[in-house]
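# An overview of the molecular structure
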Amino acid sequence: MALGQSRSRAVTQFLRNEIRLLRNPDLEKEYYQVFNEYVQLKHMVPVPSPYPQNDSRHSYLPHHAAIKPKRSTTKIRVVFNTSSDTSNGQSLNDVLLTGSVLQSDLTTLLLKWRLFRYVFNEDIGKMYRQILVRSDHTPFQLILFRNHPGETIHDFKLQTGTVGVICAPYLAIRILLQLADDVKARIPRWLKFTPSADIQFHGFYDASYKAFTATFYVRIAKASSVSSRYGTVMQLRSFHPQGR
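These notes cover the structure that comes with them. Small disclaimer: the values here were computed from a predicted structure and weren't measured.

Before going further, it helps to examine empty space enclosed by the protein. Per the counting criterion, the structure on display carries one cavity of 30 Å³ or more. What the largest cavity holds in volume is close to 40 Å³. Looking at the lining of the largest cavity, its residues break down into four nonpolar, six polar and no charged.

What follows deals with the packing of aromatic side chains. If you walk through the whole model with that rule in mind, you get eight aromatic pairs. Consider the rings of Tyr 32 and Phe 145, whose centres lie 5.6 Å apart with planes at 75°: the pair is edge-to-face. Residue Tyr 32 is found in helix 2 (residues 25–40), and its partner Phe 145 is found in strand 5 (residues 142–145); the two are separated by 113 residues along the sequence. The buried category is assigned to Tyr 32, whose relative accessible area is 8%. Between Phe 145 and Phe 156, the aromatic rings sit 6.4 Å apart at their centres with planes inclined by 65°, giving edge-to-face as the arrangement. Linking Phe 145 in strand 5 with Phe 156 in strand 6 (residues 154–158), this pair joins segments that are 11 residues apart in sequence. The two residues Phe 145 and Phe 156 agree in class, both being buried. Lying across the ring of Tyr 38, Arg 129 places its NZ or CZ 3.8 Å from the centre.

Looking now at the nonpolar core. Residues Tyr 31, Phe 35, Met 44, Phe 80, Ile 143 and Phe 145 are the most contacted members of the largest nonpolar core, which totals 38 residues. Listing elements by their share of this core, those giving two or more residues are helix 1 (7–22), helix 2, strand 3 (76–80), strand 5, strand 6 and helix 4 (168–183). Residues within four places of Ile 143 in sequence aside, it is in contact with Phe 35, Met 44, Tyr 60, Leu 61, His 63, Phe 80, His 154, Asp 155, Phe 156 and Leu 158.

What follows deals with the packing of helix 1 against helix 2. Direction vectors running N to C along helix 1 and helix 2 enclose 130°, while the axes themselves pass 7 Å from each other. As far as their axial angle goes, helix 2 and helix 1 are oblique. Between helix 1, through Asn 17, Glu 18, Leu 21 and Leu 22, and helix 2, the contact on the second element is made entirely by Pro 25, Leu 27, Glu 28, Tyr 31 and Tyr 32. Its residues placed into classes, the contact of helix 1 with helix 2 shows six nonpolar, one polar and two charged.

On to helix 1. When the terminal C-alpha atoms of helix 1 are compared, their 22 Å separation across 16 residues agrees well with the 22 Å that a helix rising 1.5 Å per residue should span. Buried within helix 1 are the following residues: Ala 10, Gln 13, Phe 14, Asn 17, Glu 18 and Leu 21. When helix 1 is viewed along its axis, its buried side chains cluster within an angular range of 140° and face the same direction. On its buried side, helix 1 packs onto helix 2, strand 2 (63–67), strand 3 and strand 5.

What counts and how
Residues numbered from 1 in each chain as written. Predicted model: local features only at pLDDT ≥ 70, side-chain atom pairs only at ≥ 80, totals over all residues. Heavy atoms only, no water. 1 Å grid on protein atoms, 1.4 Å probe; cavity = no way out; pocket = protein on both sides within 12 Å on 5 of 7 lines; lining within 4 Å. Points joined across faces, edges and corners; volume = space filled by probe spheres on them. Nonpolar A, V, L, I, M, F, W, Y, C, P; charged D, E, K, R; others polar. Phe/Tyr/Trp six-rings, centres within 6.5 Å; stacked < 30°, edge-to-face > 60°. Helix = DSSP H or I, 4+ residues; strand = E, 2+ residues; numbered from the N terminus. Buried < 20%, exposed > 50% of the residue type's maximum accessible area, 1.4 Å probe, protein only. Lys NZ or Arg CZ within 6 Å of the ring centre and 35° of its normal. Core = buried A, V, L, I, M, F, W, Y, C linked by side-chain atoms within 4.5 Å. Contact = heavy atoms within 4.5 Å. Axes fitted to C-alpha atoms, helices over the stretch in contact; angles between N-to-C directions. Parallel < 35°, antiparallel > 145°, perpendicular 65-115°, else oblique. Expected span 1.5 Å × (residues − 1). Arc of directions from axis to C-beta.

Listed below in structure tokens is the structure:
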């Protein structure tokens, strides 16, 4: 990856965002809680010292608060600017591949939804943050953070998938497909069926920067009848993509 220096721009953005949050203590507290949760879950870990400026094998991601005061629940969201240019004009998203399109088109999704009597629909919380990033790739997800303006600004690296990274939707879907494939052979043990029954696995999924939704169901065809059943067909776990 050919990236330039990016820490100075991340510092500027961090200080600008910090001044903005100081005007609203409640939003400031909520913003810092997000990052403290990152630390508690080990989704980000401290970096002993800043990376050398002439080292192109790292990237600092500026971040800021997106405020939605009309929302009844969380009024603030952290936005990582993965399209922020480095000193050579290239951003992290400029040098990453998007990945192929894995999700079905909307028409196909709607037709599949109407084919079965029962469906199972579920949202996966913190979907991208369930994905562990390879340790040699985490230097490209560096951020700056401190809990109070009087403290020193510290360097951290994000260890999980990050919203805004251009390949994140592809990785999320690809990993979900792999997890479904890993466990589908175990599903018949959870269902009652005769040896002559034809068991079919069906599902569809979609992802965006805001949410990830997946639906899976099982169709059991017997000689005398056809029935549909639904259930959880996977156990979400951290998964290292291996380039598939």
